[in-house]
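# Working through the structure, step by step
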Amino acid sequence: MDCGIKIQFLGGGEEVGRLSMVLETGDLRLLFEYGMLPGKPPSYPLPPPPVDLVLLTHAHLDHSGMIPWLFSRTDQKILTTQLTGEISDLLHKDTIKIAKSEGYATPYSTSDIKEAKQSLMPIEPSQRKRIGNDFKLIAHDAGHIPGSLMFEIVGDKKILFTGDFNIKDTRIVKATKPVDCDILFLEGTYAGRDHPKKREEMEKELLDKIDEVVKRGGVAVLPAFAVSRSQELAMVLRKSGFNIWFDGMGKKVTKIFLRHQRYLQSAENLKKAFNKMNLVHSDQGRKLAIKSEVIITSSGMMDGGPVLSYMRKLKNDPKSAVLLTGYQVEDSNARLLVDKGQLDFYGVREKIECEVQYFDFSAHAGHSELIEFAKACTPEKIVLMHSDNREALAEPLKDVAEIYTPNTGETVEL
Ligand SMILES: [Zn+2]
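Residues numbered from 1 in each chain as written. Predicted model: local features only at pLDDT ≥ 70, side-chain atom pairs only at ≥ 80, totals over all residues. Heavy atoms only, no water.

## Details of the overall build of the protein
Note the threshold: Every helix listed is a DSSP run of H or I at least four residues long, and every strand listed is a run of E at least two residues long, numbered separately from the N terminus. We take the radius of gyration over the C-alpha atoms and set the globule estimate at 2.2 Å times the residue count to the 0.38 power. When a residue's accessible area, from a 1.4 Å probe over protein chains only, is under 20% of the maximum for its type it is buried; when over 50% it is exposed; and in between it is partly exposed. Contacts: residue pairs with any heavy atoms within 4.5 Å of one another. A residue counts as positive if it is Lys or Arg and as negative if it is Asp or Glu; His and the chain ends are not included. A charged residue contributes its charge at one atom only: NZ of Lys, CZ of Arg, CG of Asp or CD of Glu.
A count of helical and extended segments in the protein gives 13 helices and 22 strands. What you see for the protein is a C-alpha radius of gyration of 21 Å, in line with the 22 Å of a compact globule of 414 residues. Sorting the 414 residues of the protein into buried and exposed places 58% on the buried side. The long-range share in the protein, meaning contacts at least 24 apart out of those at least 6 apart in sequence, stands at 68%. Mean positive and mean negative side-chain charge positions of the protein (55 and 58 charges, respectively) differ by 8 Å.

Shown next, in the form of structure tokens:
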């Protein structure tokens with residue numbers, strides 16, 4: 001049998017966003033991810049050829065965002081965890097809402113979203129599945145967010161597609177481990193950048209900073225991704241004793257997480273943490289939150305969500321602080337805040353007098369960890385993807401394996 005492997009990135013090879021890749025081997029054609037780059041306007045991957053199966057590693061929009069669009073053309077089967085399916089569904093509905101409020105064309109309809117949800121074939125970490133005539137698929141925990149997977153495809157060669165992954169435990173999920181393989185598709189979000197400190201140190205610094213802000217009479221605003229980061233912060237703050245308010249889509253996501261406890265590091269701790277939060281359900285709640293001590297709210301990139309309504313009220317208060325814990329994509333509001341001390345309030349830029357600080361709470365492996373992981377997988381070939389700095393990984397890994405850095409649209413034989 002011909003075991004040649006042909007791949008093409010439809011997006012996201014050379015950037016962090018809109019990841020999608022077609023892989024063809026033997027009689028099998030797979031689509032890995034179908035993401036979008038949420039921006040103004042959002043950008044999308046190239047259209048895919050017909051495929052046998054769609055594999056989705058996790059719910060973040062840069063991996064899952066355009067999945068429903070596939071259903072506007074043809075039926076598909078999507079292999080992912082039940083949890084990823086549910087969270088993606090929530091994010092897809094939100095994508096339509098955002099497109100409408102920003103005045104962009106909606107990329108798909110609510111019936112496409114429904115079809116995507118119904119076409120889910122759930123798989124669990126460690127589960128094996130026969131695919132095509134000659135291949136076996138093994139799902140591995142990715143340690144990135146609850147429900148996230150890496151995919152191993154075993155035929156004549158062993159292939160590993162990492163998606164986003166982390167090799168350090170966090171409060172919300174357990175770390176992943178390297179998987180022995182021949183061909184490694186490696187994400188590189190943090191290529192060229194190491195996480196400077198241990199998680200525990202970062203947590204302590206964040207708590208100390210909040211303490212300082214509260215003591216001087218300010219409010220600490222923690223803009224956080226609704227999926228995983230909001231919940232992690234709630235767990236970090238669980239025993240702090242602060243008056244904390246929790247707002248945005250993270251509330252719904254937490255409820256979904258708690259229905260799928262097997263994907264969590266400790267469902268018990270998440271439950272306890274969530275019970276300590278005051279939940280914002282109305283404008284009345286927002287009025288109370290703004291007078292409290294800590295607000296955890298979406299969106300993490302500060303491009304929308306309740307965080308902007310809080311910032312509108314707090315923007316002239318130097319006693320208050322915006323404490324960022326997530327990755328700030330180029331051109332996002334959070335990046336504008338870090339670089340220029342300004343925020344864009346739906347088209348109007350304003351100066352922010354609050355203190356701004358970034359704490360590295362990444363859910364991705366850092367530069368050295370990516371290298372450590374790649375080496376331990378002992379591959380012959382490594383395809384670098386999902387990175388705007390692949391050169392930083394290509395150099396140290398060139399003695400480990402043959403390195404490929406294909407661009408979007410380029411077909412490569414492996
Ligand atoms: Zn991710």
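## Focus on the coordination of the zinc ion
To be explicit about the condition: Distances define the donors: N, O and S atoms within 2.8 Å of the metal qualify, as do those within 3.2 Å of Na, K or Ca. Water is excluded, so some sites may look unfinished. Geometry is assigned from the angles between donors: four donors with all angles from 85 to 135 degrees make a tetrahedral site, four or six donors whose opposite pairs exceed 155 degrees while the rest stay between 65 and 115 make square planar or octahedral sites respectively, and everything else is labelled irregular.
The coordination sphere of the zinc ion contains the protein donors His58 (NE2), His60 (ND1), His144 (NE2) and Asp164 (OD), at a distance range of 2.2 to 2.3 Å. Every donor counted, the four donor atoms about the zinc ion form angles of 90 to 170° at the centre, which fits irregular coordination. Written as a sequence motif, the donor arrangement for the zinc ion is H-x1-H-x83-H-x19-D. In this pair, His144 sits in the loop between strand E8 (135-141) and strand E9 (149-154) while Asp164 sits in the loop between strand E10 (158-161) and strand E11 (183-187), placing the two residues 20 residues apart along the sequence. Asp164 shares its class with His144; the two are buried.

## Concerning the nonpolar core
Rule in force here: As used here, the term nonpolar core means buried Ala, Val, Leu, Ile, Met, Phe, Trp, Tyr and Cys residues forming a set that is joined through side-chain atoms within 4.5 Å.
Core analysis: the largest hydrophobic core is formed by 62 residues, its most contacted members being Ile87, Ile210, Leu222, Phe257 and Ile296. Residue contacts for Ile87: discarding those within four places in its chain leaves Ala59, Val227, Val253, Ile256 and Phe257. Residues Leu19, Leu79, Leu149 and Phe185 belong to the second largest nonpolar core, which totals 29 residues.

## Describing helix H11 (residues 333-340)
Where we set the bar: Working definition: the arc comes from the directions between the helix axis and the C-beta atoms, pointing outward to the latter.
For H11, the complete set of buried residues consists of Asn333, Ala334, Leu336 and Leu337. For H11, the buried positions fall inside an angular range of 160° around the axis, keeping them on one side. On its buried side, H11 packs onto helix H10 (307-314), strand E16 (321-324), strand E17 (342-345), strand E18 (348-351) and strand E19 (355-358). Among the residues trailing H11, Gly341 stands out with phi positive, at a value near 65°.

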